[in-house]
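# Fold and contact review
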Amino acid sequence: MKDDNHPGPAFVLEGVSKVYPRTVAISRVSLEIGRGERVAVVGPSGSGKTTFLHLLGGIVKPDEGRVFIDGRPLSALRRRKELASMVGLIHQQFDLVPHLSVVHNVLAGRLGYWNLLRSLLSLISPRELPLALEALRKVGLPDKVYERTSKLSGGEQQRVAIARLLVQSPRAILADEPVASLDPARAEDLMQLLLDIVQESQRTLVASLHSVEITRRYFSRAIGLRNGQLQFDIPVEVLTGQMLEELYDLGDKKGHLETELSTAP
Ligand code: ADP
């Protein structure tokens, strides 16, 4: 089946649960995410945001229910190459290889497309270099191509991770707290970059976040998780500070959220 032109939703979850020995990380979640939608996943630490993203990305398999990506059941997507063209994930820790050059880390985005031999050769002499150069130009790092990745700042490394995603070129981007380690100005820059990337190719974006401001500015829909359960799934225009207060239950998060909630109605 050809899925490139699959007209339906990018993701469908049908009664999905993920259970760890001590925790129900995601509990019976059913929803659809349309192509080109920009969805913010909010909720306190441990509420299941990462697990939710990993289920969408096919990194963890549900213990109950079914996940469909571009109309294909996750259980039928066995080939890494196929999954890599569908979804790309930006982790909180970027997952870069520190001692490798920037360009090698960016080219790692092609690994899903290559066989092992070609992948190993690419670590010696960068193949598809123009692709990597173009991606690094787009993320604003054209002069860091051969720099050792560990020498870059946190914000720059985050951009390398995005350049890697650009060469992977998936139809949906999943970002796990992409701005958590950045100061407000860099967070805005990074979100703008992600927005440009998803908008230019009608990509779907699903990101976990804690910021009301960023959710409002860059996303169209907000999903609230608490103890693995869906608390709300709403357009960002109707998201209120009250809803977030209830979601986070403030408590020990009060200090962290106070500033952010003060900007919400
Ligand atoms: P969040 O991203 O919102 O912080 P997570 O999805 O990381 O939440 O975690 C949800 C719950 O599942 C937490 O209680 C966490 O401890 C648990 N959990 C996540 N991954 C694992 C794992 N690999 N093994 C055991 N428990 C896990």
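Everything below is about the structure printed above this text.
First, a word on what this report is: a plain description of the structure on this page. Remember, predicted model here, so these are calculated numbers, not experimental data.

Attention now goes to the overall build of the chain. On a plain count of helices and strands, the chain comes out with 10 helices and 10 strands. The 265 residues of the chain split such that 52% are buried.

Strands sit in the order E6-E7-E8-E3-E9-E10 across an open sheet of six strands; the sheet is mixed. Every interior strand has two partners, whereas the edge strands, strand E6 (87-90) and strand E10 (229-235), have only one. Strand after strand, the sheet turns through a mean of 15° between neighbouring axes, direction not considered. With four bridges connecting them, E6 and strand E7 (residues 172-176) associate as parallel partners. Paired with Ile-90 across the bridge in E7 is Ala-175. Against the sheet, helix H6 (residues 154-168) makes contact with E6 and E7, and its axis sits at roughly 175° relative to E6, the strand it touches most.

Around the ligand, a shell composed of Tyr-20, Thr-23, Ala-25, Pro-44, Ser-45, Gly-46, Ser-47, Gly-48, Lys-49, Thr-50 and Thr-51 is seen. Here Gly-46 contributes a backbone N or O atom positioned 2.7 Å from an oxygen atom of the ligand. For the ligand, the protein covers 61% of the area, taking 560 Å² as the surface of the free molecule. Elements supplying a minimum of two residues to the shell around the ligand: strand E2 (23-33) and helix H1 (49-56). It is H1 that provides the largest number of residues to the shell around the ligand, a total of three residues. In the shell around the ligand, the residues fall into three nonpolar, seven polar and one charged.

This paragraph deals with the pairing of strand E1 (residues 11-20). Relative to E2, E1 runs antiparallel, the two sharing seven bridges. When the sheet's bridge partners are listed, Lys-18 is paired in E2 with Ile-26. Following E1, the chain reverses through two residues before pairing antiparallel with E2. Pairing geometry for E1 and strand E4 (residues 64-69), over five bridges, is antiparallel. Opposite Glu-14, over in E4, you have Arg-66 as the bridge partner.

In terms of nonpolar packing, the biggest core is built from 50 residues, with Val-106 and Phe-219 touching the most fellow members. Those residues in contact with Phe-219, other than ones at most four positions away along the chain, are Arg-38, Val-39, Ala-40, Met-191, Leu-205, Ala-207, Leu-209, Ile-214 and Val-236.

Our next topic: unusual backbone geometry. The phi torsion at Arg-28 lies on the positive side, around 45°, for a residue other than glycine. By secondary structure assignment, the location of Arg-28 is in strand E2. Judged by its relative accessible area of 63%, Arg-28 falls in the exposed class. With a phi close to 50°, Asp-70 is a non-glycine residue in the positive phi region. Mapped onto the elements, Asp-70 comes out in the loop between E4 and strand E5 (72-73).

Once their charged atoms are close, side chains differing in charge can pair, the charge on each being opposite to the other. Counted by the stated rule, this structure contains 14 salt bridges. Asp-63 serves as the salt-bridge partner of Lys-18, at 3.7 Å between the closest nitrogen and oxygen. Of this pair, Lys-18 sits in strand E1 while Asp-63 sits in the loop between H1 and E4; the two residues are 45 residues apart in sequence, bridging distant segments of the chain. We classify Asp-63 as partly exposed; its relative accessible area is 47%. One salt bridge connects Glu-156 with Lys-144, and the closest N-O pair in it is separated by 3.8 Å. With a gap of 12 residues between them, Glu-156 in helix H6 and Lys-144 in the loop between helix H5 (129-138) and H6 connect regions that are remote in the sequence. Through salt bridges that share partners, Arg-35, Asp-70 and Arg-171 make up one connected network.

Rules of the game
- Residues numbered from 1 in each chain as written.
- Predicted model: local features only at pLDDT ≥ 70, side-chain atom pairs only at ≥ 80, totals over all residues.
- Heavy atoms only, no water.
- Helix = DSSP H or I, 4+ residues; strand = E, 2+ residues; numbered from the N terminus.
- Buried < 20%, exposed > 50% of the residue type's maximum accessible area, 1.4 Å probe, protein only.
- Pairing = 2+ DSSP bridges.
- Axes fitted to C-alpha atoms, helices over the stretch in contact; angles between N-to-C directions.
- Contact = heavy atoms within 4.5 Å.
- Near = heavy atom within 4 Å.
- Polar contact = N/O pair within 3.5 Å; in protein donor to acceptor, adjacent residues only side chain to side chain.
- Areas by Shrake-Rupley, 256 points an atom, 1.4 Å probe, with all protein chains shown as cover.
- Nonpolar A, V, L, I, M, F, W, Y, C, P; charged D, E, K, R; others polar.
- Core = buried A, V, L, I, M, F, W, Y, C linked by side-chain atoms within 4.5 Å.
- Salt bridge = Lys/Arg side-chain N within 4 Å of Asp/Glu carboxyl O.

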